[in-house]
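# Observations on the model geometry
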Amino acid sequence: MPLAIPFPDLSPELFSIAIGEFQFALRWYALAYIVGLVAGWWLIVQAVKRPALWPNDTAPMRPDQVEALLTAVVLGVILGGRIGFVLFYQPGYYLQNPGQILMLWQGGMSFHGGLIGVAVAGYIFCKMNKVPPLQLADAMSMVVAIGLGLGRVANFINAELWGRPTDAPWGVIFPGEAAQACAGPVGIVMTELGEMCARHPSQLYQATLEGLVMGAVLLWLAWSRGWLKRPGAVTGMFFALYGIARFAVEFVRQPDAQFVGPDNPVGFALALSPDLGVTMGQILSLPMIAAGLWLVARARRAA
């Protein structure tokens, strides 16, 4: 039988405090958002303190304005991520249960929706503070990989958004009835508890590609290669790299349950046959790749 890695004994809560009947818990996912936003804020502040990084040796905003930007980004992530999940993934369910749209604590956030929310919030911030939109987009794109990478690690700790069954020796035996529902022989391993289902730790694949790799490339381009002097270049590279990484990982990522059915076991959002199609994540990533390559080409022509 294939080998596999048992899921480590990890709690989704960093710590929990009980005050009377009120229970306050800090979850790893929330910590990932907090650290990502604060680290991103700090890096942008450092960047705007170095005018030589920007076009005409002029930073697009003052360091004190970055704090207001942080507030706008937080609102954009929360509202956009939730609305995007509702519209992209479960519109029928929430149309019948509108009261649950605001129940964020039950989960359900979309990266693509959050990205749109941040873009809208950033545009409003630019209008109010007279900041060049493309330069602001470059500043935010330069640091977004921090939150993405930490968020994917939190997904792993939460034992959620796991991958498809696999016979690879690094497959992980995630807990839970859904994770243990292997539809076929692929991924079945023998343990002391009997037959178990091993799956791709796709969260860690994404943490590596969307966090470490993409983050290192974007920071290198921004700080060492002068890409912030070409408005739109860093943003375009972010779109392209994220889209490519997400498109690739979708081949081993477990699709959203609402797309899986007897005639669509792989969970394609657009299926040409039972074995050929694209997932919702791949559909949403293709426009990002195209837009990113266009922005990079446009920035290089304007340089």
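None of the values given here were measured: they were computed from a predicted structure.

The next point concerns a nonpolar patch on the surface. Together, Tyr33, Leu75, Ile78, Leu79, Ile83, Leu87 and Met109 make up an exposed nonpolar region whose accessible area comes to about 640 Å². Residue contributions to the nonpolar patch peak at five residues, all from helix H2 (residues 65–88). Tracing the chain through its elements places Tyr33 in helix H1 (residues 28–48). Looking at Tyr33, the relative accessible area reads 32%, which means it is partly exposed.

Our focus in this paragraph is the packing of helix H5 (residues 133–157) against helix H6 (residues 202–224). Between H5 and H6, the least distance of the axes is 8 Å, while the angle of their chain directions is 165°. Put simply, H5 runs roughly antiparallel to H6. Between H5 and H6 lies a crossing of left-handed hand. Contact residues: Ser141, Met142, Ala145, Leu148, Gly149, Arg152, Val153, Asn155 and Phe156 in H5; Gln203, Leu204, Gln206, Ala207, Glu210, Gly211, Met214, Gly215, Leu218, Leu219, Ala222 and Trp223 in H6. Residues of the contact of H5 with H6, tallied by class, amount to twelve nonpolar, seven polar and two charged.

On to the packing of helix H7 (residues 233–249) against helix H8 (residues 280–302). In the contact formed by H7 and H8, the axes pass within 7 Å of each other and the chain directions differ by 150°. In terms of orientation, H7 and H8 fall into the roughly antiparallel class. Relative to H8, H7 is oriented so that their crossing is left-handed. Along its contact with H7, which presents Ala233, Thr235, Gly236, Met237, Phe239, Ala240, Tyr242, Gly243, Ile244, Arg246 and Phe247, the element H8 presents Gly281, Gln282, Ser285, Leu286, Met288, Ile289, Ala291, Gly292, Leu293, Leu295, Val296 and Ala299. For the contact of H7 with H8, the per-class residue count stands at 15 nonpolar, seven polar and one charged.

So, about the pattern of salt bridges. Taken as a whole and assessed by the stated rule, the structure comprises five salt bridges. Linking Glu250 and Arg246 is a salt bridge whose minimum nitrogen-to-oxygen distance equals 2.8 Å. In this structure Arg246 comes out as buried when scored by relative accessible area, which is 4%. Arg253 serves as the salt-bridge partner of Glu250, at 3.3 Å between the closest nitrogen and oxygen. Arg253 carries the same exposure label as Glu250, and that label is buried.

Here Asn155 lies in helix H5. Judged by relative accessible area, Asn155 falls into the buried class, the value being 2%.

Right, let's get into the nonpolar core. Where a protein is soluble and globular, its nonpolar side chains tend to be buried together. By size, the foremost hydrophobic cluster in this structure holds 40 residues, and its most contacted members are Ile44, Met61, Leu69, Leu136, Met142 and Phe238. Among the secondary structure elements, those contributing two or more residues to this core are H1, H2, helix H4 (111–129), H5, H6, H7 and H8. With seven residues, the single largest contributor to this core is H5. Setting aside residues no more than four positions away along its own chain, Met61 makes contact with Ile44, Val48, Val66, Leu69, Phe125, Val131 and Leu136.

Calculation rules
Residues numbered from 1 in each chain as written. Predicted model: local features only at pLDDT ≥ 70, side-chain atom pairs only at ≥ 80, totals over all residues. Heavy atoms only, no water. Patch = residues over 30% accessible without salt bridge, like charges linked within 9 Å, V, L, I, M, F, W, Y side chains within 5 Å. Areas by Shrake-Rupley, 256 points an atom, 1.4 Å probe, with all protein chains shown as cover. Salt bridge = Lys/Arg side-chain N within 4 Å of Asp/Glu carboxyl O. Helix = DSSP H or I, 4+ residues; strand = E, 2+ residues; numbered from the N terminus. Buried < 20%, exposed > 50% of the residue type's maximum accessible area, 1.4 Å probe, protein only. Axes fitted to C-alpha atoms, helices over the stretch in contact; angles between N-to-C directions. Parallel < 35°, antiparallel > 145°, perpendicular 65-115°, else oblique. Left-handed = near helix turned anticlockwise from the far one by under 90°. Contact = heavy atoms within 4.5 Å. Nonpolar A, V, L, I, M, F, W, Y, C, P; charged D, E, K, R; others polar. Core = buried A, V, L, I, M, F, W, Y, C linked by side-chain atoms within 4.5 Å.

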